[in-house]
Protein chains: 2
Amino acid sequence: MAPTVLVHGSGAIGSIYVYLLIKAGFSVTAVCRSNHDAAKANGFLIDSEKYGNNLRAHPKIVRTSAEAAQQGGVFDYIIVTSKAIPEDKTSELIAPAVTEGRTCIALFQNGVGIEEEFAERFPHNPLLSVVVYLPSTQIEPAHMRMGNFEMLQIGSFPASAYKEKVGVKQAADTFVEMLQKAGSNAKWFDDVQEMRWRKLMLNASWNPVCALSLSRDVAFLASAPDADREVGALMMEVVHIAQALGYSSVNEETQVEQLKRAKDRVGGEGIEPSMLVDALNGRRMEVETILGNAVRTGRKAGVAVPKLELLYALAKALDESMLYRQPGQSLKGTETRAERGKTNAS
Amino acid sequence: MAPTVLVHGSGAIGSIYVYLLIKAGFSVTAVCRSNHDAAKANGFLIDSEKYGNNLRAHPKIVRTSAEAAQQGGVFDYIIVTSKAIPEDKTSELIAPAVTEGRTCIALFQNGVGIEEEFAERFPHNPLLSVVVYLPSTQIEPAHMRMGNFEMLQIGSFPASAYKEKVGVKQAADTFVEMLQKAGSNAKWFDDVQEMRWRKLMLNASWNPVCALSLSRDVAFLASAPDADREVGALMMEVVHIAQALGYSSVNEETQVEQLKRAKDRVGGEGIEPSMLVDALNGRRMEVETILGNAVRTGRKAGVAVPKLELLYALAKALDESMLYRQPGQSLKGTETRAERGKTNAS
């Protein structure tokens, strides 16, 4: 029997894996929220430079993981591609679809420190941490436009579980094999956290910088004084944390390489990091997992992160202002979460 | 004969001095831009906790300083209260109304390094640098709401001019006397630059922090992690620059005092610094005079300003994004000032 896969969060990233896995012959259920009706009516439409245009995928569509479980779904794998926002308590959202000791949970998310919530909630399930490189945008509900690149960096959480915990090796090997068979450029890492910090270099700098300035990467490079130096310095603070954790391959050389990717785009329109897209649409931003956890890890390791600390405070307040302020107005002191909490409690 | 005064930029700040000076018997002309028609029709309406409600002022209203000069105006003083934005070339805008060797120019503006432009353009005129503390908002065209506080800190530019340059002492003494007579809490300083750096502590931190996070001061304090520490650290970078310049009264004690002013407002709605008001209304922000000149002065003095540098880059890009991007969109690399320059030149 084909492995069963639940994809939790079928947006720009998740839908691509829905497509690939169905094509490879697997049984796929997709949890859709904002794009539920469009996906239910017509499936997913994907225009991809890598895989081809006008591709269609018709997974089983549900609104929640609970709905998938109620319909009798038992899953070998759950791929989580929803945003990594601690308050969303995603571990609770997927819980109904998790079979203890069987379902392997794979987190296709940005940031660091994202795994603990799932490791605590599901101590007896294999847990995989996955770093995704995949330029893709949902241009209208259930319609994706994808670029010419796809890469997954996969490891177990914790790293030692692959060798030490029963069932992890088998679930992990099958998962990587399955993705590779599906057409993904998936690679296994003995300690994928190092790759997570390498990507964080990019996410912790460009994401909030673009969201706060409402500018695409190359527009920021053109508009701000010493823009490349500032972004480079933010990346280097991430490098210093990673080095303190022993991840020697996250270094100045990789920083220069990461910055160069944006510099090479100068002359074009530039790209919108996900946090900028969220800011433009008034949606929650992954501030805690991308900046908060980095700052806390840096402090704990005794690394100076003055610029990341400021960026974290600014992004956090902007995120809250999007939640609670009136459109076109500033967030008032009486409108903050803390004040709302008081009102609710009284 | 009563001294003649031209107030260039009669918004929330300028209009209050228009009112005070008329009341004290001076001949006042007001340059109005966005509020010209309302001021021309009904004069200024001021509701002030300090001076009283429903106050009216009817100065001579013009659209430009050039218009004031064309109508035969010869001015003993020009008070400049427009925003300090280098690209506006305000020195050129007021030039037609400046009588060489006679007109004393008083800059009622925020930031540092704002005086050079005027000193170079009008080397034979007395030049006064004025730090303004005055909570006032234009709630509709030509209608101001003012709080219960007003203070001016006045000095000559350069500081030595008061003693060394012909005519400065007399112009300055008369100016301070005239303002005091008008009801202003105006004070003379032998080196007002020290007071400018003291106020910059406030402007270089709260202004951009609130503009970037779209949050009022107390909302930022409530929303961002370690918010008070971040704002305090930004203020301390300004303190370090001021100390390097020899301004010993701008120190950690004044920093704590400045931060306390916002902390004391917790529980209320909070205030909107001018840069936040500008950001909400898509208007230019005083980024160069408030942050750019501070960063450049800091670097020249060998002072580390890592957080101010990042804040400067973010605020500058946000300012440019407001100018050139489509509403609701991000600034594209092809829309920046640099790219527009190219298009215009080709």
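Residues numbered from 1 in each chain as written. Chains lettered and ligands numbered in written order. Predicted model: local features only at pLDDT ≥ 70, side-chain atom pairs only at ≥ 80, totals over all residues. Heavy atoms only, no water.

> Before we move on, can you summarise the UniProt feature "domain: Ketopantoate reductase C-terminal" (unreviewed entry) in chain A with the specific residues and values?
The UniProt entry lists residues 191–318 of chain A under the feature "domain: Ketopantoate reductase C-terminal" (unreviewed entry), expressed in the numbering used here. Secondary structure within residues 191–318 of chain A divides into 72% helix and 0% strand; the distance between the first and last C-alpha atoms comes to 34 Å. (UniProt positions renumbered as here; feature names shortened; annotations may be inferred. Helix = DSSP H or I, 4+ residues; strand = E, 2+ residues; numbered from the N terminus.)

> Could you give an account of helix α8 (residues 193–213) of chain B, naming the residues involved and the relevant values?
Residue pairs spaced three or four apart in an α-helix point in one direction, given the helix's 3.6 residues per turn. All names here are of chain B. If you check α8, its first and last C-alpha atoms are 29 Å apart, about what 21 residues at 1.5 Å a residue would give, namely 30 Å. At K199, α8 shows its strongest bend, of approximately 30°. Burial analysis of α8 places 20 of its 21 residues in the buried class, the great majority of the element. In the segment just after α8, L214 is the residue with positive phi, at about 50°. (Expected span 1.5 Å × (residues − 1). Bend = angle between axes of the 7 residues up to and from the residue. Buried < 20%, exposed > 50% of the residue type's maximum accessible area, 1.4 Å probe, protein only.)

> Let's hear about unusual backbone geometry: which residues, and what values?
Residue A:P158 is reached from A:F157 by a cis peptide bond, and omega for that bond is -10°. Along the chain, A:P158 falls in the loop between β11 (151–156) and α6 (161–164). One non-glycine residue, B:A142, lies in the positive phi region at around 65°. Among the secondary structure elements, B:A142 is positioned in the loop between β9 (136–140) and β10 (143–146).

> How would you sum up the packing of aromatic side chains? Please name residues and give values.
In total, this model carries ten aromatic pairs over all chains according to the counting rule given. Considering the side-chain rings of A:Y162 and A:W188, the 4.7 Å spacing of their centres and the 40° angle between planes classify their relative orientation as tilted. Highlighted residues: A:Y162 in helix α6 and A:W188 in strand β12 (residues 186–188), separated in sequence by 26 residues. Note on A:Y162: relative accessible area 17%, which makes it buried. We classify A:W188 as partly exposed; its relative accessible area is 26%. Taken together, the ring pairs in this structure connect A:Y17, A:Y77, A:F108 and A:F175 into an aromatic cluster. When the ring centre of B:Y133 is taken as origin, the NZ or CZ atom of B:K199, which lies over that ring, is 5.1 Å away. (Phe/Tyr/Trp six-rings, centres within 6.5 Å; stacked < 30°, edge-to-face > 60°. Lys NZ or Arg CZ within 6 Å of the ring centre and 35° of its normal.)

> Can you tell me about the sheet that holds strand β1 (residues 4–8) of chain A, naming the residues and giving the values?
Residue and element names in this part refer to chain A. Strand order in the open sheet formed by eight strands is β5-β2-β1-β6-β7-β8-β11-β12, with mixed pairing between adjacent strands. Looking at the sheet topology across the chains shown, the edges are occupied by β5 (60–62) and β12. In this sheet, neighbouring strand axes are inclined to one another by 20° on average, regardless of whether the strands run parallel or antiparallel. (Pairing = 2+ DSSP bridges. Axes fitted to C-alpha atoms, helices over the stretch in contact; angles between N-to-C directions.)

> Account for the relation of the copies chain B and chain A, naming residues and giving values.
Note on the copies: chain B fits chain A at an RMSD of 0.0 Å, the axial shift is 0.0 Å, and the rotation between them is 180°. On the angle and the small slide along the axis, the relation comes out as a two-fold axis. Of the interface residues in chain B, 100% have counterparts in chain A that sit at the interface too, so the contact is made through matching surfaces. (Least-squares fit on C-alpha atoms with pLDDT ≥ 70 in both. Contact = heavy atoms within 4.5 Å.)

> A description of the nonpolar core should follow, citing residues and the corresponding values.
Core analysis: the biggest nonpolar cluster contains 98 residues, and A:W197, A:W206, A:F220, B:W197, B:W206 and B:F220 have the highest contact counts within it. Setting aside chain neighbours within four positions, we find A:W206 in contact with A:D217, A:F220, A:L221, A:V231, A:M235, A:L259, A:A262 and A:P273. (Core = buried A, V, L, I, M, F, W, Y, C linked by side-chain atoms within 4.5 Å.)

> Account for empty space enclosed by the protein, naming residues and giving values.
In the structure shown here, the tally under the stated rule is three cavities of 30 Å³ or more. Around the largest cavity, the lining residues are A:A84, A:I85, A:P86, A:E87, A:R284, A:M285, A:E286, A:V287, A:E288, A:K316 and A:D319. Breaking the lining of the largest cavity down by element, the ones donating at least two residues are α13 (287–300) and α14 (306–324) of chain A. Grouping the amino acids of the lining of the largest cavity by side-chain chemistry returns five nonpolar, no polar and six charged. When we break the lining of the largest cavity down by domain, the ones giving at least three residues each are domain 1 (4–191) and domain 2 (194–335) of chain A. Approximately 40 Å³ is the volume attributed to the second largest cavity. Considering the residues around the second largest cavity, the lining is formed by B:Q109, B:N110, B:G111, B:V131, B:R196, B:K199, B:L200 and B:N203. Residue contributions to the lining of the second largest cavity peak at four residues, all from α8(B). When residues are assigned to domains, the lining of the second largest cavity turns out to be shared by domain 1 (4–191) and domain 2 (194–335) of chain B, each giving three or more. (1 Å grid on protein atoms, 1.4 Å probe; cavity = no way out; pocket = protein on both sides within 12 Å on 5 of 7 lines; lining within 4 Å. Points joined across faces, edges and corners; volume = space filled by probe spheres on them. Nonpolar A, V, L, I, M, F, W, Y, C, P; charged D, E, K, R; others polar. Domains from an automatic or database assignment.)

> Give me the lowdown on the sheet that holds strand β3 (residues 44–48) of chain B, citing residues and values where you can.
All names here are of chain B. Taking strand neighbours across the sheet as the criterion, the four strands line up as β4-β3-β10-β9 in an open arrangement whose pairing is mixed. This sheet does not close on itself; its edge strands, each paired only once, are β4 (52–57) and β9. Direction aside, the axes of adjacent strands within the sheet are offset by 25° on average. Bridging between β3 and β10 involves four bridges; their strand directions are parallel. Considered in β10, the bridge of S48 is made with M146.

> Run through the domain arrangement of chain A, naming residues and quoting values.
All names here are of chain A. Along its sequence, chain A is carved into domain 1 (4–191) and domain 2 (194–335). Computed over C-alpha atoms only, the centres of domain 1 and domain 2 are separated by 25 Å. Facing 21 residues of domain 1, the contacting portion of domain 2 comprises 21 residues. Roughly 1,800 Å² of surface becomes buried between domain 1 and domain 2 when both sides are summed, with 50% attributable to carbon and sulfur atoms. At the junction of domain 1 with domain 2, the criterion picks out three salt bridges. Linking R196 and E115 is a salt bridge whose minimum nitrogen-to-oxygen distance equals 3.2 Å. Counting every contact that joins domain 1 to domain 2 gives 16 residue pairs in polar contact (both at pLDDT 80 or more). Examining the composition of the side of domain 1 that touches domain 2, we find that five residues originate from one element, strand β8 (residues 127–133), more than from any other. (Buried area = accessible area lost by both parts, 1.4 Å probe. Salt bridge = Lys/Arg side-chain N within 4 Å of Asp/Glu carboxyl O. Polar contact = N/O pair within 3.5 Å; in protein donor to acceptor, adjacent residues only side chain to side chain.)

> Describe in detail the side chain of A:D217, supporting the description with residues and values.
All names here are of chain A. Among the structural elements, D217 can be located in helix α9 (residues 217–223). Here R265 takes part through its side chain, which lies 2.8 Å from a polar atom of the side chain of D217. With residues near it in sequence (within four places) discarded, D217 still touches W206, C210, A262, R265, G270 and I271.

> An account of the pairing of strand β8 (residues 127–133) of chain B is requested, with residue identities and associated values reported.
All names here are of chain B. Among the seven residues of β8, seven are classified as buried, and the element is accordingly described as predominantly covered. Burial along β8 is two-sided: the residues L127, S129, V131 and Y133 and L128, V130 and V132 are all buried. Of the crossover connections in this fold, the one passing from strand β7 (residues 104–108) over helix α5 (residues 116–121) to the parallel β8 is right-handed. The sheet contact formed by β8 and strand β11 (residues 151–156) spans six bridges and is antiparallel. Each bridged residue has a counterpart across the sheet, and for V130 the counterpart in β11 is I154. (Right-handed = clockwise from strand over helix to strand, strands pointing away.)

> How would you sum up the environment of A:T81? Please name residues and give values.
Residue and element names in this part refer to chain A. Inspection of the secondary structure assignment puts T81 in the loop between β6 (77–80) and α4 (90–94). Assessed through its relative accessible area of 14%, T81 is described here as buried. Taking the C-alpha atoms as reference points, T81 and A12, 69 residues apart in sequence, are found 9.1 Å from one another. Setting aside anything within four residues of it in sequence, one finds T81 in contact with V7, H8, G9, S10, I13, G14 and F108.

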